Amino acid sequence: MKKDTSKPGSGALKGWGQIAKFLGQTVSVAQRWQNEGMPVTREGRFVYASPEELTAWVGTERGQKEPIHIASESEDLLGDMKQGLSYVRKLKRRL
């Protein structure tokens with residue numbers, strides 16, 4: 001398990017609740033992933049994680065060829081999905 005010895009920054013996620021919410025998982029899944037090598041920093045009974053490191057770990061360590069992006073609340077996921085579906089439909093028409 002990787003342990004970061006640097007102090008958590010202002011953008012760090014603090015506690016299992018914030019980490020799990022960022023990952024879109026339950027606290028128990030986040031804790032299990034920590035046991036599988038997810039990068040977190042422990043300071044006594046507290047745990048911290050960097051959003052950038054978590055995103056990179058989810059994309060590379062969990063079997064992805066390229067890092068994935070974890071969506072935030074401010075993103076237009078519906079618009080992105082519509083754009084993707086439109087692209088796929090155009091490709092199907094060409095075939």
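Residues numbered from 1 in each chain as written. Predicted model: local features only at pLDDT ≥ 70, side-chain atom pairs only at ≥ 80, totals over all residues. Heavy atoms only, no water.

Draft legend 1. Geometry of the overall build of the chain. Assigned secondary structure in the chain consists of four helices and three strands. Long-range contacts, defined as pairs at least 24 residues apart, comprise 45% of the intrachain contacts of the chain with a sequence gap of at least 6. Counting only carbon and sulfur atoms, one obtains 52% of the accessible surface of the chain, whose full area is about 7,200 Å². (Helix = DSSP H or I, 4+ residues; strand = E, 2+ residues; numbered from the N terminus. Contact = heavy atoms within 4.5 Å. Areas by Shrake-Rupley, 256 points an atom, 1.4 Å probe, with all protein chains shown as cover.)

Draft legend 2. Structural context of the packing of aromatic side chains. Applying the stated criterion across every chain, the model contains one aromatic pair. With 5.9 Å between their ring centres and 55° between their planes, Trp-33 and Trp-57 make a pair best called tilted. Residue Trp-33 is found in helix H2 (residues 27-35), and its partner Trp-57 is found in helix H3 (residues 51-61); the two are separated by 24 residues along the sequence. Each member of the pair, Trp-33 as well as Trp-57, is classed as buried. (Phe/Tyr/Trp six-rings, centres within 6.5 Å; stacked < 30°, edge-to-face > 60°. Buried < 20%, exposed > 50% of the residue type's maximum accessible area, 1.4 Å probe, protein only.)

Draft legend 3. Focus on a nonpolar patch on the surface. Together, Leu-78, Met-81 and Leu-85 give the surface a local cluster of nonpolar side chains, amounting to about 280 Å² of exposed area. Take Leu-85: it is sitting in helix H4 (residues 77-94). (Patch = residues over 30% accessible without salt bridge, like charges linked within 9 Å, V, L, I, M, F, W, Y side chains within 5 Å. Salt bridge = Lys/Arg side-chain N within 4 Å of Asp/Glu carboxyl O.)

Draft legend 4. Structural detail: H2. Listed as buried for H2 are Val-29, Ala-30, Trp-33 and Gln-34. An end-on view of H2 places all buried positions within 145° of arc, on one side of the element. (Arc of directions from axis to C-beta.)

Draft legend 5. Representation of the pattern of salt bridges. In total, this model carries one salt bridge according to the counting rule given. Between Glu-36 and Arg-32 there is a salt bridge, and its shortest N-O distance comes to 3.8 Å. Overall, Arg-32 belongs to the partly exposed group, its relative accessible area being 44%.

Draft legend 6. Quick look at the sheet that holds strand E1 (residues 13-14). Overall, antiparallel pairing links the three strands, which are arranged E1-E3-E2 in an open sheet. Edge positions in the sheet fall to E1 and strand E2 (41-43), since each has one partner strand and no second. With three bridges connecting them, E2 and strand E3 (residues 46-49) associate as antiparallel partners. When the bridges of E3 are listed, Thr-41 appears paired with Tyr-48. (Pairing = 2+ DSSP bridges.)

Draft legend 7. The arrangement of the confidence of the model for the chain in detail. Here the chain averages 79 in pLDDT, while 76% of its residues score no lower than 70. Of the regions scoring below 50 in pLDDT, residues 1-6 engages in seven contacts with residues more than four places distant in sequence or in other chains. (pLDDT = per-residue confidence, 0-100.)

Draft legend 8. Region of the structure containing the packing of helix H1 (residues 15-23) against H2. Between H1 and H2, whose axes approach to 8 Å, the crossing angle comes to 95°. With respect to H2, the axis of H1 lies roughly perpendicular. Residues Trp-16, Gly-17, Ile-19, Ala-20 and Leu-23 of H1 pack against Val-27, Ala-30, Gln-31, Trp-33 and Gln-34 of H2. (Axes fitted to C-alpha atoms, helices over the stretch in contact; angles between N-to-C directions. Parallel < 35°, antiparallel > 145°, perpendicular 65-115°, else oblique.)

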